[in-house]
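Read off the chains here:
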Amino acid sequence: MPSDESAPSYALEVTPESALQFTLTRTPASAAENSSTDAGVTRCTMTLRHPGKTGQHLAFKVKTTQPRRYLVRPNQGIVAPNSTETVSILLVEKDKQILLQSYDRLGQSALDHSKDKFLVQSCAAPDEFASLYDKEKRGDEQKSDGYKTSKEMAEKLTSLWDKTSTSGETPVFNKKLHVRHVVMEIKSGTLDQTPQVPTHRSDKTPVENMSPEQMFSEVSSLRRKYDELVAFSVNLTAERDILNNSLEQTKRDLNREIAAKKTLQEAAGGASADSRSIARGDTGGFSLSVVQVMVIAIACFLAGIKACNSDSVDFLQFVPILGPMLGMTGDVLTGDVLTDVVAVVEDPVPVMPDPPAMDEMGMEG
């Protein structure tokens, strides 16, 4: 890949540049038995190159949106100036079979819109750390199986990237790559290098002039398109139902929240209205102001004075409790009554004289 002059000095050159292609092979059972253990394994390689724009070593880290589907070796490391590092990416067999099943149902179009992505990050590595890495790598490269990052070095690399991500002081270059899956068949012990994609009629040959092979290819293509459309419709309907259910649930939750909020507001409003009514003296019924009460009290007081002067309230003295409270003992009235009684008693009653004595003959003596 040509060097990108606009890229920063801490950016690694990644090959391939934009997409990683995984070739899915369907190995026959006889071929699998007579081949090595790597038969049918789907892998892809990625090359990282230090462009030499800086004398510092560059650290790299490879991430993916599907960490359970792909095995990346090595997924992190350090690249010296003007040197390269090869990264091997292996597709897990279980996911490979799932992709092949999708291809059998819908054709290559089911694999063309893969959402799998890879991200290659690179930054300048500290010189001391880079020297330690190179020393360990040179000592390990003498082994027959090549260099493998030790557990201690892997932990140090992980710590380095954690510190870089947390601090934000060291600039990091990000390179994104898409993933493409292509199916190939192995027939008679040889690999058919032609991708098994649906055959589309590229020419404008009329249907009546087609050969049987072309007609079969056209029908197969239309059938795959139809199956793909049906599957898309089914998925779209399922997503629509899920969205409708989510929307209804959201509406119910919103209505409950609105009702609860309204209830709280009404309760708070009623309490505040009652407090304001009490503060104003509003009892909800008949009420009198202070001025009205004072006017009524003065009117009653004047009426009482007038009644006392006209002797119209003497009857109150006979009330057991009210009379003593008003200081009306009834002495005057009692005295008048006694005086009248005495006067009546002292008035002499005329004494009638005894009738004259009469004899037996009725004659006065």
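Scroll up for the structure.
Residues numbered from 1 in each chain as written. Predicted model: local features only at pLDDT ≥ 70, side-chain atom pairs only at ≥ 80, totals over all residues. Heavy atoms only, no water.

Caption draft 1: Summary view of the overall build of the protein. Helix and strand content of the protein: nine helices and 10 strands. Relative to its 365 residues, the protein shows a buried fraction of 24%. The long-range fraction of contacts in the protein, counting pairs at least 24 apart against all pairs at least 6 apart in sequence, stands at 68%. For the protein, the exposed area adds up to about 25,900 Å²; of that, 58% sits on carbon and sulfur atoms. (Helix = DSSP H or I, 4+ residues; strand = E, 2+ residues; numbered from the N terminus. Buried < 20%, exposed > 50% of the residue type's maximum accessible area, 1.4 Å probe, protein only. Contact = heavy atoms within 4.5 Å. Areas by Shrake-Rupley, 256 points an atom, 1.4 Å probe, with all protein chains shown as cover.)

Caption draft 2: Inspection of the pattern of salt bridges at higher detail. According to the stated counting rule, one finds six salt bridges in the structure shown. Between Asp104 and Arg26 there is a salt bridge, with the nearest N and O atoms lying 3.1 Å from each other. Within this pair, whereas Asp104 is found in helix H2 (residues 93-106), its partner Arg26 is found in strand S2 (residues 19-26), the two being separated by 78 residues in sequence. The exposure class assigned to Arg26 is partly exposed, which follows from its relative accessible area of 26%. For Asp253, the salt bridge identified is with Arg256, shortest N-O distance 2.2 Å. Taken together, the residues Asp253 and Arg256, both in helix H6 (residues 212-280) and three residues apart, mark about one turn of the helix. Residue classification places Asp253 among the partly exposed positions, given a relative accessible area of 28%. Ionic contacts of the salt-bridge type, sharing partners, join the residues Arg69, Asp95 and Asp116 into one network. (Salt bridge = Lys/Arg side-chain N within 4 Å of Asp/Glu carboxyl O.)

Caption draft 3: Representation of helix H7 (residues 290-309) within the structure. The terminal C-alpha atoms of H7 lie 29 Å apart, and with 20 residues this matches the ideal 28 Å at 1.5 Å per residue to within 8%. Sparse coverage of H7 is indicated by the burial of one of its 20 residues. (Expected span 1.5 Å × (residues − 1).)

Caption draft 4: Expanded view of the pairing of strand S5 (residues 70-73). In S5, alternate side chains face the same way, and those of Tyr70 and Val72 are buried while those of Leu71 and Arg73 on the opposite face are not. For S5 and strand S7 (residues 84-91), the ladder comprises four bridges, and the chain directions are antiparallel. Pairing of Arg73 across the sheet is with Ser88, part of S7. (Pairing = 2+ DSSP bridges.)

Caption draft 5: Structural view of the packing of aromatic side chains. One pass over the full model with this rule turns up two aromatic pairs. For the pair Phe22 and Tyr70, a centre-to-centre distance of 5.2 Å together with 40° between the ring planes defines the contact as tilted. Of the two residues, Phe22 sits in strand S2 while Tyr70 sits in strand S5, which places them 48 residues apart along the sequence. Their ring planes at 65° and their centres at 5.1 Å tell us that Tyr70 and Phe118 sit as a pair that is edge-to-face. Taken together, the positions of Tyr70 in strand S5 and Phe118 in strand S8 (residues 117-124) put the pair 48 residues apart, joining distant regions of the chain. (Phe/Tyr/Trp six-rings, centres within 6.5 Å; stacked < 30°, edge-to-face > 60°.)

Caption draft 6: Region of the structure containing the sheet that holds S7. With respect to topology, four strands assemble into an open sheet ordered S1-S3-S7-S5, the strand pairing being antiparallel. For this open sheet the edge positions go to strand S1 (13-15) and S5, each flanked by a neighbour on one side alone. With strand direction ignored, the average angle separating the axes of adjacent strands in the sheet is 20°. (Axes fitted to C-alpha atoms, helices over the stretch in contact; angles between N-to-C directions.)

Caption draft 7: Quick look at unusual backbone geometry. Here the residue pair Thr15 and Pro16 is connected by a cis peptide bond, since its omega of 0° sits within 30 degrees of zero. The amide bond that connects Arg73 to the next residue, Pro74, takes the cis arrangement and shows omega of -15°. Structurally, Pro74 is set in the loop between S5 and strand S6 (76-79). Positive phi is not limited to glycine here, since Asn82 has a value of about 60°. If you trace the backbone, Asn82 turns up in the loop between S6 and S7.

Caption draft 8: Quick look at helix H5 (residues 151-167). Along its 17 residues, H5 runs 24 Å from first to last C-alpha, staying within 8% of the 24 Å computed at 1.5 Å per residue. Trailing H5 by a residue or two, Gly168 shows a phi angle of about 75°, which is positive.

Caption draft 9: Spatial organisation of the environment of Lys156. Structurally, the position occupied by Lys156 is in helix H5. Judged by relative accessible area, Lys156 falls into the partly exposed class, the value being 40%. Apart from residues lying up to four places away in sequence, Lys156 is in contact with Phe129 and Leu132.

Caption draft 10: Fine view of a nonpolar patch on the surface. On the surface, a nonpolar cluster with roughly 410 Å² of combined accessible area is contributed by Ile298, Phe301, Leu302 and Ile305. Its location among the elements puts Leu302 in helix H7. (Patch = residues over 30% accessible without salt bridge, like charges linked within 9 Å, V, L, I, M, F, W, Y side chains within 5 Å.)

Caption draft 11: Broad picture of the nonpolar core. Counting 26 residues, the largest nonpolar core has Met46, Ile89 and Phe118 as the members making the most contacts within it. Sorting the residues of this core by element identifies S2, strand S3 (42-49), strand S4 (58-64), S5, S7, H2, S8 and strand S9 (173-187) as the ones contributing at least two each. With sequence-adjacent residues up to four places away left out, Phe118 is seen in contact with Leu20, Val62, Lys63, Thr64, Tyr70, Val72, Ile89, Lys175, Lys176, Leu177 and Val179. (Core = buried A, V, L, I, M, F, W, Y, C linked by side-chain atoms within 4.5 Å.)

Just geometry here; none of it tells us what the structure is for.
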